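# Examination of the molecular architecture
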Amino acid sequence: MGTTSLNLKEELSSNTLLLSSGDDRRYTKHIHDNVHGNIYLDPLSLKFVDTEQFQRLRDLKQLGISYMVYPGAVHSRFEHSLGVYWLASEAINTLKTYQGLELDIDRFDMQTVKIAGLLHDVGHGPFSHMFEREFIPRVLDGLKWSHEEMSLKMIDYIVDEHNIDIESESLKKVKEMIIASETGSPKSSKEKLFLYDIVANGRNGIDVDKFDYIVRDSRACGLGCNFQFQRVLETMRVIDDEICYRAKEYLTIHKLFAARADLHRTVYTHAKAKAIELMLIDAMVFANDVLQFSSYIDEPAKYWKLDDTILKTIETSSSQDLKESRDLVLRIRRRDLYQFCNEFAVPKEKLDYFKSVTPQDIICSQNSSHPTLHEEDIVVSNVKIDLTRGRNNPLESIRFFKDYDSSEKFTIKDDMVSHLLPTSYQDMIVRVYSKKPNLVEAVSEAFENFQLKTYGKKTQVHDTPEKKKRRQFHHPTGV
């Protein structure tokens, strides 16, 4: 084949990939999603999707073990990743339609944003965030490790393993966009910084990742969701290299953060789901010496083989070394769970001085007339729920504009919109669990004593139910 013919073939191949960023559906794969309807995957994105590393996301439930409380919550990271890909595509297409010439948005930008949306969770561990936030620190001496970090390694691994033809500059920007929420503006780019606001927004937390999971998770759990991401997508605009929003959408954006906080309270940190999660963490910690889950985080070639099926691996093993882990999984299956005793919300005026409560704190508050408690009998869960910016109002980081004839951007204070909006933006909830049913009464009383000693009063809403206190053995129950 002559050089001219070869160059022509390469050019046609390249054009085919680029065409996919536009409206030409001849080169795309059509998928029907139960949230967004028809999704169209372009050829380059499809090269990533059709790999065993990306298909692994089918075996990672989006909400970890939440399906054991909300039976419908069986959707996967695979669906979510396709959803974020599509919303990233919709976002960049909207900006190109209305400001394409002004912002010099080209096909390279569009393809890069879409790939970032598609691959943002490719490094996620088993059981939602439990693997990185709870399991890894327990077995690796407090190590701080994130799935975003693994996503970057996994992307390089996929590209090399499958010889995917993607420009090095595009690959670099894809990875920067994925970690933008953690690192802020990329150091390598001085222009088109607005592109980094789309997938993982480090400036103010408004991004298509949240748009998808808030709607998808709410639907899967059978909960209502009054946040309309379409209004935000359709009305956003870039001013001074930053995505800004119409002032009239202030309350719509507030609903984004409120809906996220509500999901954290009712689903992600549900007291019963957390009990199951705590048991699973213990089971994985006990099994780690044998199965070496923690060693997988060093090598993408091993890590992609790690998914939610590790639960079944433990459960079906006949190894005596895994008996302790297997017994915990059996307790989960038979609903013989760690018993949630009670919880309290840290008083607002004490949040600045709050230190995480430990099992030792509860033991030291025990009344000596009860059975002696030991650290291994108790689990304390310190749950922080906020609007993405800790104790600060995330809307103060957002820039708004008046209308499409205006080029001025500005912030809006809550009290200029409504006096019904919250004045506090973070909750800290302390929960205590007994690993043994017969110790619930002793743990509950020690927990109350701790509150009296710390705050001078009981801050829990009500006493632990007597029925739970008197429980001595497991009665099979429903969800």
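That block above? That's the structure.
All values derive from a computational prediction rather than experimental measurement.

### A word on the overall build of the chain
Scanning the chain from N- to C-terminus turns up 19 helices and eight strands. Rg of the C-alpha trace for the chain: 25 Å, near the compact-globule value of 23 Å for 479 residues, within the 12% margin. Projected onto the principal axes, the alpha-carbon positions of the chain cover approximately 90 × 60 × 35 Å. In the chain, buried positions account for 55% of the 479 residues. Put simply, 74% of the contacts in the chain that link residues at least 6 apart link residues at least 24 apart. For the chain, the exposed surface amounts to about 22600 Å²; the carbon and sulfur share of it is 48%. Each charge sign in the chain was given a centre, from 65 positive and 73 negative side chains, and these centres are 4 Å apart.

### Focus: the state of the cysteines
By the definition in use, this model includes zero disulfides. Between Cys-364, a cysteine without a disulfide, and Cys-341, which holds the nearest cysteine sulfur, the sulfur-to-sulfur distance is 17 Å. Cys-364 sits in the exposed class, given a relative accessible area of 53%.

### Some words on the packing of helix H4 (residues 77-103) against helix H5 (residues 107-119)
For any two helices packed against each other, the geometry is given by the interaxial angle and the distance between the axes. One way to put it is that H4 packs onto H5 with a least axis distance of 7 Å and a crossing angle of 155 degrees. As judged from the angle between their axes, H4 and H5 are roughly antiparallel. Seen along the crossing, H4 lies across H5 with a hand that is right-handed. Packed against H4, whose contacting residues are Ser-81, Leu-82, Val-84, Tyr-85, Ala-88, Ser-89, Ile-92, Asn-93 and Lys-96, the element H5 presents Met-110, Val-113, Lys-114, Gly-117 and Leu-118 at the interface. Here the contact of H4 with H5 is composed, by residue class, of eight nonpolar, four polar and two charged.

### Structural notes on the nonpolar core
Phe-48, Ile-198 and Phe-211 are the most contacted members of the largest nonpolar core, which totals 122 residues. For Phe-48, the contacting residues outside a window of four places in its chain are Phe-54, Ile-115, Leu-118, Leu-119, Ile-158, Val-159, Ile-164 and Ile-166. With 22 residues, the next largest nonpolar core counts Ile-362, Ile-378, Met-428 and Phe-450 among its residues.

Calculation criteria
- Residues numbered from 1 in each chain as written.
- Predicted model: local features only at pLDDT ≥ 70, side-chain atom pairs only at ≥ 80, totals over all residues.
- Heavy atoms only, no water.
- Helix = DSSP H or I, 4+ residues; strand = E, 2+ residues; numbered from the N terminus.
- Rg over C-alpha atoms; globule rule 2.2 N^0.38 Å.
- Buried < 20%, exposed > 50% of the residue type's maximum accessible area, 1.4 Å probe, protein only.
- Contact = heavy atoms within 4.5 Å.
- Areas by Shrake-Rupley, 256 points an atom, 1.4 Å probe, with all protein chains shown as cover.
- Lys, Arg positive; Asp, Glu negative; His and termini not counted.
- Charge placed at Lys NZ, Arg CZ, Asp CG, Glu CD.
- Disulfide = S-S within 2.5 Å.
- Axes fitted to C-alpha atoms, helices over the stretch in contact; angles between N-to-C directions.
- Parallel < 35°, antiparallel > 145°, perpendicular 65-115°, else oblique.
- Left-handed = near helix turned anticlockwise from the far one by under 90°.
- Nonpolar A, V, L, I, M, F, W, Y, C, P; charged D, E, K, R; others polar.
- Core = buried A, V, L, I, M, F, W, Y, C linked by side-chain atoms within 4.5 Å.

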